[in-house]
Amino acid sequence: MKKVVKFGGSSLASAEQFKKAADIVKSDISRRYVVPSAPGKRDSKDTKVTDLLYRCYDLAEAGRNYHEVLFQIRGRYDGIIKGLGMDLDLSEEFAEIERKIDAHAGKAYAASRGEYLNGKIMAAYLGFTFVDAAEVIYFNEDGEFEPELTDKVLAEKLSGIEKAVIPGFYGADPEGRICTFSRGGSDITGSIVARAIKASLYENWTDVSGFLLTDPHIVKDPVIINIITYKELRELSYMGAGVLHDEAIFPVRKAGIPINIRNTNDPDAPGTMIVKTTGAKSRYTITGIAGRKGFVAVNVEKDRMNSEIGFGRKVLEAFEKYGISFEHMPSGIDTLSVFVEQEAFEPKEQAVLAAINRMAAPDVISIDTDLALIAVVGRSMKDARGTAGRVFASLAHARINVRMIDQGSDEENIIIGVKNDDFEPAIRAIYSIFVDTRI
Ligand code: ASP
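Residues numbered from 1 in each chain as written. Predicted model: local features only at pLDDT ≥ 70, side-chain atom pairs only at ≥ 80, totals over all residues. Heavy atoms only, no water.

Which parts of the structure should I look at to understand unusual backbone geometry?
What is expected of a backbone is that most residues other than glycine have negative phi and most peptide bonds are trans. In this structure, Arg-304 takes a positive phi of about 55° despite not being glycine. Residue position: Arg-304 is located in the loop between strand E11 (288-301) and helix H10 (311-321). Despite not being glycine, Arg-399 has its phi angle at roughly 60°, a positive value. A relative accessible area of 78% means that Arg-399 is categorised as exposed. (Helix = DSSP H or I, 4+ residues; strand = E, 2+ residues; numbered from the N terminus. Buried < 20%, exposed > 50% of the residue type's maximum accessible area, 1.4 Å probe, protein only.)

Even after reading the chapter, I still don't get the packing of helix H2 (residues 49-61) against helix H3 (residues 67-83), so can you show me in this structure?
Working note: a packed helix pair is described by the angle between its axes plus the distance between those axes. The N-to-C vectors of H2 and H3 enclose an angle of 155°; their axes lie 9 Å apart at closest approach. Comparing their axes, H3 and H2 come out roughly antiparallel. Every pair of crossing elements has a handedness; the one defined by H2 and H3 is left-handed. Each of Val-49, Leu-52, Leu-53, Arg-55, Cys-56 and Leu-59 in H2 lies in contact with H3, whose residues at this interface are Val-69, Leu-70, Gln-72, Ile-73, Arg-76 and Tyr-77. For the contact of H2 with H3, the class distribution of residues is 9 nonpolar, 1 polar and 2 charged. (Axes fitted to C-alpha atoms, helices over the stretch in contact; angles between N-to-C directions. Parallel < 35°, antiparallel > 145°, perpendicular 65-115°, else oblique. Left-handed = near helix turned anticlockwise from the far one by under 90°. Contact = heavy atoms within 4.5 Å. Nonpolar A, V, L, I, M, F, W, Y, C, P; charged D, E, K, R; others polar.)

It is not clear to me how a negative patch on the surface should be interpreted in this structure. Could you clarify?
Among the surface-exposed residues, Glu-141, Asp-142, Glu-144, Glu-146 and Glu-175 lie close enough to one another that they form a single negatively charged patch. Its location among the elements puts Glu-141 in the loop between strand E3 (129-130) and helix H6 (147-159). (Patch = residues over 30% accessible without salt bridge, like charges linked within 9 Å, V, L, I, M, F, W, Y side chains within 5 Å. Areas by Shrake-Rupley, 256 points an atom, 1.4 Å probe, with all protein chains shown as cover. Salt bridge = Lys/Arg side-chain N within 4 Å of Asp/Glu carboxyl O. Lys, Arg positive; Asp, Glu negative; His and termini not counted. Charge placed at Lys NZ, Arg CZ, Asp CG, Glu CD.)

Please explain the side chain of Asp-28 as it appears in this structure.
Checked against the element boundaries, Asp-28 lands in the loop between helix H1 (15-26) and strand E2 (31-36). Overall, the relative accessible area of 18% leaves Asp-28 in the buried class. One polar contact links Asp-28 to Lys-3, side chain to side chain, over a distance of 2.6 Å. (Polar contact = N/O pair within 3.5 Å; in protein donor to acceptor, adjacent residues only side chain to side chain.)

Could you clarify how one ought to interpret the packing of helix H13 (residues 387-397) against helix H14 (residues 423-436) in this entry?
For the pair H13 and H14, interaxial distance at closest approach is 8 Å and the crossing angle is 130°. In terms of axis orientation, H13 runs oblique to H14. By crossing handedness, the relation of H13 to H14 is classed as right-handed. Between H13 and H14, the contacting residues are Thr-387, Arg-390, Val-391, Ser-394 and Leu-395 on the first element and Ala-426, Ala-429, Ile-430, Ile-433 and Phe-434 on the second. Residue classes in the contact of H13 with H14 are distributed as 7 nonpolar, 2 polar and 1 charged.

What should I look at first to understand H10 in this one?
In an α-helix, one full turn covers 3.6 residues, which means residues spaced three or four apart are oriented alike. Inspection of H10 places Phe-311, Val-315, Ala-318 and Phe-319 among the buried residues, and these make up the whole buried set. An end-on view of H10 places all buried positions within 95° of arc, on one side of the element. Where H10 is buried, its residues contact E11, strand E13 (335-341), helix H11 (342-345) and helix H12 (349-360). Following H10 by one or two positions, Gly-323 has its phi on the positive side, about 65°. (Arc of directions from axis to C-beta.)

Given below as structure tokens:
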């Protein structure tokens, strides 16, 4: 068994947290490859090291003094080293960082040092080999990740190393310039390493005991999802459920490696397993509920629309022309609604409407604004009779008007459109009917 363990920023924010992480690694000999984030927040008022590094970069580029901020960053690392009782001096590293920032090595370079330095400390503390991500994670000239080349080089490199620490979040382009993934990207590095070493499991250690069935800001103490498929997770994270970076599932999904979300502060909790397929039924009929506010429905009506070949294409072309992607498109005999993000649509509203008029010549166009979309997701839904009935009964009881219904062809999700103001009550109503009644 070979496992990759990735620790998030809050799991490595202080010496105390570092110790917990190291104990987790040491308690299982199959935990052989470690991917650290940069030190995160120690409490809600704290600042992440990555944000401090971005601040250094901004100050330096503006020709202002950044040394005070860099000193603060140094303090974070020295605090960790001291708290761990280690004899490690980062003076040379910091001198190099200063030199490179002065030489305009770039924003990504500055940001990446958070993971780089944490990797150095972690490797020394565990007695593992440090592998610089700049040598094994590749990006192209346009700063896009190169999955196949990376997989080849990384697999080769790690095949000769029994135990290694590979910092998350960054890699390098063919010129050796540092590139980073988007924020939270250490999750992606963990997944890439898991694929390269053909891991049996990718453990992602964070500060929650797994994925919650819905947003805890909306429902108090929602239950934890024990097991979820990659596909269900895609649906839920697209609709706003956080915890894992959206792109982190692709490398392991390809290789069929499960991800286990675990809590560094509660290592005995089993967390959430993310798997390719499972025969395990979800605990409730639904696996999760997520959603987002801020959508617009553009409703297009035309007599005998159903028999006009190409009508839908013409309408969608108007959106395409202005670079607006659509989320859903429910239709009736003579009507068709296109759901788009309000923020993207508003500035281009009149141009898009003019284009629809020109291209599709509809009878009427009307617009509903301030809508929210809610996704009710679950692999067990298709075999359970009455699921949709229960969703809509719960909404009716809560006096919520449903503006749109859409079901994915795989029957693993039901999308519901409601007014923005009804968003939270709708989620609470759906949660309650499935979880509180325990069916
Ligand atoms: N340190 C980076 C960030 O704050 C990457 C990560 O933590 O995954 O976004």
